Amino acid sequence: LADNRFSGNSATGGDFGQGGAVFGDEDLGWSSDSSSTSGAFRNSFTNNTASDDGGGMYLDGVIYAQFSKNVFKRNSAGLSGGGLFVDDELEVNASFTGNRFDGNIATDGEGGGAYFGDELVTGSEFKGNRFSRNRAGDLGGALRVDVGEFADPLNLSRNTFVLNRARIGGAVGGGEAVSRGDARVLQRALRGNRLSKNKATQQRRTFNVGIEILEPG
């Protein structure tokens, strides 16, 4: 998927409220192909809407391949993943690099810019992406990803998180956490990334990260 422009599309209602512009019901990478030619490159997603998840794009599976230099701007989702919703994880040897998420909204959910339903697997690359002015009603103004006991350590490098906003975790929210110590793990993972003026409205001061604690049992 390369060099396409998706603008002003919508997905609404019932079983069709996911992926305002693009809905992928297979893994991005088509099986386990992590070659440099497989994935999504230089696509633009602007002013698309979804009543549920994935304002710009919804992927019902794993990213095995490359996701590079795509732009998600002013997309909105009624629930989670204002720009991009990935139902699963970023797999080993896959890369998510040089993408831009600007002004996307997850109205009543998580991941204003991008939502990952699972983890960023060790050996994957999440580098050089920019998240600015994204907003989430709940967790992770810019990005939501799993952290905690069963998740691999996050490998975030040289990403920029600026002026993002959420109820908890102005920049990055960690779902499926099991203890408050996971917030410190997430904070450490963000060293080497640029964070500026992100805001969490439910926290007493500006917090870049926040976690969702699982209920016992």
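Heads up: the structure comes first, above all this text.
From a predicted model like this one, the values you see are computed outputs, not experimental measurements.

A. View of the overall build of the protein. Assigned secondary structure in the protein consists of one helix and 26 strands. When the 217 residues of the protein are sorted by exposure, 51% land in the buried category. Restricting to contacts in the protein with at least 6 residues of sequence separation, those with at least 24 account for 85%. Counting only carbon and sulfur atoms, one obtains 43% of the accessible surface of the protein, whose full area is about 9800 Å².

B. Just the environment of Val92, in detail. Looking at the element boundaries, Val92 is found in the loop between β11 (84–86) and β12 (95–97). Measuring from C-alpha to C-alpha, the distance between Val92 and Leu120 comes to 8.2 Å, with 28 residues separating the pair along the chain.

C. Representation of the environment of Gly192 within the structure. Residue placement: Gly192 occurs in the loop between α1 (181–189) and β24 (194–196). The exposure class of Gly192 is exposed, given its relative accessible area of 59%. If sequence neighbours within four positions are ignored, Gly192 has contacts with Ser157 and Arg158.

D. Fine view of the sheet that holds strand β10 (residues 76–77). With respect to topology, seven strands assemble into an open sheet ordered β2-β6-β10-β14-β18-β22-β25, the strand pairing being parallel. At either margin of the open sheet sits one strand with a lone partner, and together these are β2 (10–11) and β25 (199–200). In the sheet, strand β6 (residues 49–50) pairs with β10 via two bridges, with the strands oriented parallel. Following the sheet pairing, Ala50 is matched in β10 by Ala77.

E. Structural detail: the nonpolar core. In this structure, Ile63, Leu84, Phe96, Phe116 and Phe126 are the most contacted members of the largest nonpolar core, which totals 33 residues. Put simply, the parts of the chain that give this core at least two residues each are β7 (57–59), β11, β15 (114–116), β19 (143–146) and α1. Excluding its chain neighbours within four sequence positions, the residues that come into contact with Phe126 are Leu90, Phe96, Phe116, Leu120, Phe131, Leu143, Asn155, Leu156, Ser157 and Asn159.

F. Broad picture of the side chain of Ser132. When you line up the elements, Ser132 lands in strand β17 (residues 130–132). Here the side chain of Ser132 touches Asp102 through a polar contact of 2.6 Å, side chain to side chain. Setting aside residues no more than four positions away along its own chain, Ser132 makes contact with Phe101, Asp102, Gly103, Val162 and Asn164.

G. Layout of the pairing of β19. Of the two faces of β19, the one carrying Leu143 and Val145 and the one carrying Arg144 and Asp146 are both buried. In this sheet, β19 lies alongside β15 in parallel orientation, the contact comprising two bridges. Note on β19: the bridge partner recorded for Tyr115 is Arg144.

H. Molecular detail of the pattern of salt bridges. Taken as a whole and assessed by the stated rule, the structure comprises four salt bridges. Across the pair Arg144 and Glu110 runs a salt bridge, and its minimum N-O distance is 2.8 Å. Of this pair, Arg144 sits in strand β19 while Glu110 is found in the loop between β14 (105–106) and β15, placing the two residues 34 residues apart along the sequence. As far as the burial class goes, Arg144 and Glu110 line up, both buried. Across the pair Asp138 and Arg167 runs a salt bridge, and its minimum N-O distance is 2.5 Å. A residue pair is termed long-range when its members are at least 10 positions apart, and Asp138 in strand β18 (residues 135–139) and Arg167 in strand β22 (residues 165–168) qualify at 29 residues. Classification of Asp138 by relative accessible area gives partly exposed; the value is 23%.

I. How the structure looks around the packing of aromatic side chains. Considering all chains together, one arrives at 15 aromatic pairs under this definition. With 4.8 Å between their ring centres and 5° between their planes, Phe72 and Phe101 make a pair best called stacked. Highlighted residues: Phe72 in strand β9 (residues 71–73) and Phe101 in strand β13 (residues 100–102), separated in sequence by 29 residues. When the centroid spacing of 4.9 Å and the interplanar angle of 5° are considered together, the rings of Phe96 and Phe126 count as stacked. You can see Phe96 sitting in strand β12 and its partner Phe126 sitting in strand β16 (residues 125–127), a full 30 residues away along the chain. Every member of this aromatic cluster is reached through a ring pair, and the members are Phe6, Phe45, Phe67, Phe72, Phe96, Phe101, Phe116, Phe126, Phe131 and Phe161.

Each value, and the rule that gives it
- Residues numbered from 1 in each chain as written.
- Predicted model: local features only at pLDDT ≥ 70, side-chain atom pairs only at ≥ 80, totals over all residues.
- Heavy atoms only, no water.
- Helix = DSSP H or I, 4+ residues; strand = E, 2+ residues; numbered from the N terminus.
- Buried < 20%, exposed > 50% of the residue type's maximum accessible area, 1.4 Å probe, protein only.
- Contact = heavy atoms within 4.5 Å.
- Areas by Shrake-Rupley, 256 points an atom, 1.4 Å probe, with all protein chains shown as cover.
- Pairing = 2+ DSSP bridges.
- Core = buried A, V, L, I, M, F, W, Y, C linked by side-chain atoms within 4.5 Å.
- Polar contact = N/O pair within 3.5 Å; in protein donor to acceptor, adjacent residues only side chain to side chain.
- Salt bridge = Lys/Arg side-chain N within 4 Å of Asp/Glu carboxyl O.
- Phe/Tyr/Trp six-rings, centres within 6.5 Å; stacked < 30°, edge-to-face > 60°.

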